[in-house]
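Observations on the model geometry
Below, each chain spelled out in residue letters.
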Amino acid sequence: MLINQQTNSYLNRKFVIITIFVVIGLVFIVRLFSLQVLDTSYKLSASRNILRHITDYPARGLIYDRNGELLVHNEPFYDLMVIPGQVGEIDTVSFCNLTGITIESFERRMQNAKQFSYHRGSIFIGQIEKDSYAYIQEHLHKFPGFYVQSRTLRNYVYPVAAHIFGYVGEASQRIIDNNPYYQPGDYVGISGIEKYYEEFLRGEKGVKIKVVDALGREIGPYQDERYDTIAIAGEDLYTTLDIDLQIYGEKLMQNKIGSIVAIEPSSGEILSMVSTPNYDPNLLVGRVRTQNFLSLYSDTLKPIFNRALMAEYPPGSVFKVISTLIGLQEGVVQPNTRLYCPGYYQSRGITVRCREHKNPVDLTGSIKYSCNTYAANLFRNVIDQDKYKNIQESFTTWRDHVTSFGLGNVFNNDLPYELSGIVANSDYYDNIYGSNGWSSLTILSLGIGQGELGTTPMQLANVAATIGNRGFYKTPHIVRAIDDPENKNSKFNNKKYSTIDEEHFDFIAESMFQVVDEGTGRFSRIEDIEMAGKTGTVQNPHGENHSVFIAFAPKDDPEIAISVVIENSGYGATWAAPVASLMIEKYLTRQVERKWFEQRILDANFINPEKHPDKQ
Amino acid sequence: MRPQQFNILKDVDKPLLIIYLILVFIGVANVYAAEIDGSHKAILDFSHNHGKQILFAAISLLIASIILSVDIKIFTSFSYAIYWFFILVLISVLIFGTEIKATKAWFQIGGFAIQPSEFAKFATAMVIAKYISSVKGTTIKFKNRLKAFILIAIPTALVLMQNDTGTTLVFGAFVFVLYREGYVSGIILAFIAMAIFLFVLTLLINEIYIIAGIVSLTIIISIIIRKKKTEILQLIGVCILLSAYVYSVDYCFENILQHHQKERITVLIDDEIDMRGPGYNLNQSKIAIGSGGLWGKGYLEGTQTKFDFVPEQGTDFIFCTIGEEWGFAGSTTLILIYMIFLIRIVLLAEKQRSIFSRIYGYSVASILFFHFAINIGMTIGLVPVIGIPLPFLSYGGSSMVGFTILLFIFLKLDAKKLER
Ligand SMILES: [Zn+2]
């Protein structure tokens, strides 16, 4: 078949198409002519001239405390940069003399730089101080391909709160691969709020393009800075921290292993978070960071470990406040339910010891004197209720009440690396004992806060806040505003209600007030402040017991809720309660009157010299 | 068997073959130039892009010789089967594919990623050639146009769903083919050209000025032809239509385009843009090309075009390296080579006795032209940053093999001088 008539009639259209091709080609040639021949602005004045892209590093955002006091700022330092492709024949020996490095080190650094890029700058010698910078800069013109770039490092005004701030370090290869923002040598927040708020703190990098002559001298900006971008400083953080309280807390905890967490109950704002042994955050800045990190890391007391979020302790008797609330909610006890305590609880060969106290005790008394017999009875009554089909169901109900206080779960707040704590579920016991093989007696130790229970100091403080609020908590958090103090962080503003009715909380708050007023915590009573608390002594199979205390004050409309854990120190009433009491006094009155009481704590040392000989 | 093997080049159009080889060679040389920095690397190093590009070129030549030696009926008879096969592949890449740079268009096989949309182009070209050449009769009916349109629209839609804006636009190349075959009239082609022109203009200039320009042009023409009432009415109609179009382009851009599409287009409009975004590439690309001057800096002497400053240096921005190292002289020569190449294909297509071969030839020319126009237009800042390769030059195995198949099927069709 030959070409048919129909398509042949469109034969002339080939000219239209060819014309379009030719026109576009001509447009390109004209454009290239203007770009490459006419427009000299794209060319560099001399043929040997080159462009140098200099990163303009933004200042990292500042960090303030809740009263507007500056906590973290930046200090300038300088990096000596190299562009290997622009390094000519240089006098290596005099370069090494100038910068104080060895020839081998020079070769190694140059090799690394070449590996990164021939045409883009990389750090040759990092973090040069101001004085050496001035000296090096003066002689640098003899060494083409080298230039200095300024950056900033973190500076911490107070040597405290290292665990909250976290630290900033060089971006790892993994971070660089996953995020196009980062280049080798860039800084990134690695832990604490430096990590969580990295995207706000870091700002936006800018680029300055400079024209450089064959000798490595900067001639000036390229094309009137037309292609330059300005660095945008990071956003400031306004934390919830009370720096005076934080400093005081870290001081009280000197020579002790443990933690203090203080929260403002109405808002969930963290007033202070102490984990000891602590370290000065300035140790993890700049050139000394790696070395200091290694020595902190290998320290037997684990100062880097944030106990406030990552240590899981059985709550001990402190847990009786939750246990009692569950009893009231489930209706198995009334405030006037009385019991005679013989000094122990015994059933089918299982014994729980109690101590001597007034008898008989009612529900308030059981908290005031921390009666284990009462607690054991109450716990078994909750679990053995007839209204539940089996122990799995009653236990799950009990567990749901417990976790509604924030236990056994992470808060997912703005403090990275928290642990969830432990509240075992019924499957756990089914696996060990079989589904018919366990009873309320098997798990009796839960009733006195021991057994398969693990709580972090943060969670314990939150329990105190929940009771202070009479039934709800707001997720504890450390940053209240970003960029502008009025720009409130609303992310953690939801009220989270516990499964216990509000009416039961006044009773437990009153009982906790009596703990401090005339019960186990009376030693820590503060004049003119109505403080409610609960002592705990956590059995420690590896040594001296841990001392635990939770509290809030004032009893009605509390302004502060607190937890204190001091490892290996003994009774909660003897050590943790006084520390909490001092913290509360400090926060509510801004000063501490009880000097001897304070001195006793400052003098106390609970670091075992046998285990940690280097700490003497 | 020997003489037959020797004969695979018999009747193959030598000018096209030679230009093809020249382009592939320029590509490999410049991928190498874009990549080396200081320490010269071995040419045959498969861990680097230029080494891989040589490998891709070798694979392409192998496939090319297979195409030249097989029976041409494989392509003419099985057009539909090949087409539907690649449609299925395009669908499965949407489901099982790997996402690279926000585009879900790749199958990851070992160290290599294969992009099926590169092969969908020649499959679509064949099916269009097959369909239009099979239409009987002297008039083109509406249903013929509709069917041709649907055959093009299916792969276009699938590629668009992969988020691959560049390749989607390339399917627009079939407008030329349809125009040549009378499926699209000259007025429509003119309208499309006008629409593209106004589109780019709208993005560059505030739409108020453009509408003002259209209106004043209408008034001037109306005054000139004031006697002819009907023409003036038509003119006013066109004026309203164009103004509405300009306005809606502006509206779409502000409200409908996805962020990354918008970002790419904004680059063309604003000089104040993010240095790390697409604008960075464009600025660097213009600096690199502009710094080439009349004669260029010489092979491997470029300082701006290395992977360092223009990230897509070996792939989408390969023209930069040529512009910097070979200057205006080199880049113009390349454009002229391309023009000769494209015009030669069109002229050869017109010489075909079979309609299938002619339509296929037009498809080849149009697809290559679209790639050429968008890629170079983007590199020199005349078109938004749209990531598509420059045929035969850009680094990439799928595109190299895909374009080779596209071209050599035509060379085979031409060599066989089909009668139908
Ligand atoms: Zn008792």
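Residues numbered from 1 in each chain as written. Chains lettered and ligands numbered in written order. Predicted model: local features only at pLDDT ≥ 70, side-chain atom pairs only at ≥ 80, totals over all residues. Heavy atoms only, no water.

Describing the coordination of the zinc ion
Filter applied, for reference: Because water is not among the atoms used, a metal site may look incomplete, as its donors are only the N, O and S atoms within 2.8 Å, or 3.2 Å for Na, K and Ca. Under the classification used here, a metal with four donors is tetrahedral if each angle lies between 85 and 135 degrees, square planar if opposite donors are over 155 degrees apart and the others between 65 and 115, a six-donor metal meeting that same test is octahedral, and anything else is irregular.
Around the zinc ion, the protein contributes the donor atoms Cys341(A) (SG), Cys354(A) (SG), His357(A) (NE2) and Cys371(A) (SG), at 2.0 to 2.4 Å from the metal centre. Around the zinc ion, the 4 donor atoms sit at angles spanning 105 to 117°, and that spread fits a shape best called tetrahedral.

Examining the environment of Arg590(A)
Residues and elements named next belong to chain A. Threshold: Strands are runs of DSSP state E lasting at least 2 residues, helices are runs of H or I lasting at least 4, and numbering of each runs from the N terminus. Categorising residues by exposure relies on relative accessible area from a 1.4 Å probe, with only protein chains included: less than 20% of the type maximum marks a residue as buried, more than 50% marks it as exposed, and the intermediate range marks it as partly exposed. Contact criterion: two residues are considered in contact whenever any of their non-hydrogen atoms come within 4.5 Å of each other. Here a polar contact is recorded for every N or O atom pair within 3.5 Å, except that within protein the pair must consist of a potential hydrogen donor and a potential acceptor, and residues adjacent in sequence are included only if both atoms are side-chain atoms.
Tracing the chain through its elements places Arg590 in the loop between helix H20 (572–589) and helix H21 (595–603). A residue is classified by how much of its surface remains accessible, and Arg590, at 39% relative accessible area, is partly exposed. Linking Arg590 and Leu245, residues 345 residues apart in sequence, is a C-alpha distance of 8.6 Å. In this structure Arg590 touches Asn67, Asp242, Asp244 and Glu585, once residues within four positions along its chain are discounted. Only 3.3 Å separates the side chain of Arg590 from the side chain of Asp244, close enough to count as a polar contact.

A few points about helix H7 (residues 142–161) of chain B
Residue and element names in this part refer to chain B. Using the following cut-off: What a helix is expected to span follows from its residue count: subtract one and scale by 1.5 Å. What the bend at a residue measures is the angle between two axes, fitted to the seven residues ending there and to the seven starting there.
End to end, H7 covers 28 Å across 20 residues, agreeing with the expected 28 Å (1.5 Å per residue, within 8%). When the local axis directions of H7 are compared, the greatest deviation, roughly 25°, occurs at Ala153, which is followed within four positions by the proline Pro155. Turning to H7, its buried residues number three or more, namely Asn144, Ala148, Leu151, Ile152, Pro155, Thr156, Leu158 and Val159. Taken together, the buried residues of H7 touch helix H5 (79–96), helix H6 (117–134), helix H8 (165–170) and helix H9 (174–180). One or two steps after H7, the chain reaches Asn163, where phi turns positive at roughly 75°.

Re the packing of aromatic side chains
To keep things clear, this is the line we draw: A pair of aromatic rings is counted whenever rings of Phe, Tyr or Trp (Trp by its six-membered ring) have centres within 6.5 Å, and the orientation is called stacked for planes under 30 degrees apart, edge-to-face for over 60 and tilted otherwise. Counted as over-ring charges are cases with an Arg CZ or a Lys NZ within 6 Å of the ring centre that also lie within 35 degrees of the ring normal.
One pass over the structure, following the stated rule, counts 47 aromatic pairs over all chains. Taking 6.2 Å as the distance between ring centres and 55° as the angle between the ring planes, the aromatic pair formed by Tyr197(A) and Phe200(A) counts as tilted. Looking at Tyr197(A), the relative accessible area reads 3%, which means it is buried. Relative accessible area serves as the criterion here: at 35%, Phe200(A) is assigned to the partly exposed category. Ring geometry for Phe341(B) and Phe392(B): centres 6.0 Å apart, planes at 80°, overall edge-to-face. Taken as a pair, Phe341(B) in helix H15 (residues 318–351) and Phe392(B) in the loop between helix H16 (355–379) and helix H17 (397–416) lie far apart in primary sequence, 51 residues in all. Each member of the pair Phe341(B) and Phe392(B) is classed as buried. One cation-aromatic arrangement involves Lys205(A) over Tyr181(A); the distance from NZ or CZ to the ring centre is 4.7 Å. In this structure, Lys495(A) packs its charged tip against the face of Phe472(A), placed 4.7 Å from the ring centre.

Quick word on the confidence of the model for chain B
All names here are of chain B. The line we're drawing: What pLDDT expresses is the predictor's confidence in each residue, scored from 0 to 100.
Overall, the predicted model of chain B reaches an average pLDDT of 79, with 80% of residues at or above 70. Within the model, the stretch residues 1–5 combines pLDDT values under 50 with 0 contacts to residues more than four positions away or in other chains. Note that residues 264–278 has pLDDT below 50 and, in this model, 43 contacts with residues that lie over four places away or in other chains. Taken over the whole predicted complex, pTM reads 0.66, whereas the ipTM for its chain interfaces reads 0.85.

Concerning the sheet that holds strand S22 (residues 560–566) of chain A
Residues and elements named next belong to chain A. The condition is simple: In this scheme, strands are said to pair when DSSP sees at least two bridges between them. Here an angle of 0 to 180 degrees is reported between the N-to-C directions of two axes, which are lines fitted to C-alpha atoms, with helices fitted over the stretch in contact.
Spatial strand order, S12-S11-S22-S21-S20: 5 strands in an open sheet with antiparallel pairing. Looking along the sheet, the strands with just one partner apiece sit at the ends: strand S12 (269–276) and strand S20 (532–538). Each adjacent strand pair in this sheet contributes to an overall mean axis angle of 5°, direction not counted. As defined by bridge partners, strand S21 (residues 546–553) adjoins S22 across 7 bridges and the pair is classed as antiparallel. Each residue of the ladder has a partner; that of Val548, found in S22, is Val565.

Topic: the packing of helix H10 (residues 243–252) of chain A against H20(A)
Residue and element names in this part refer to chain A. We count it as follows: Roughly parallel refers to an angle under 35 degrees, roughly antiparallel to one over 145, roughly perpendicular to one between 65 and 115, and oblique to any angle outside these ranges. Each helix crossing is assigned a hand: it is left-handed if the near helix lies turned anticlockwise from the far helix by less than a right angle, otherwise right-handed if that turn is clockwise.
Closest axis-to-axis distance for the H10/H20 pair is 10 Å, and the angle between their directions is 155°. As judged from the angle between their axes, H10 and H20 are roughly antiparallel. Of the two elements, H10 crosses H20, and the hand of that crossing is right-handed. Along its contact with H10, which presents Asp244, Leu245, Tyr248, Gly249 and Leu252, the element H20 presents Val579, Leu582, Met583, Lys586 and Tyr587.

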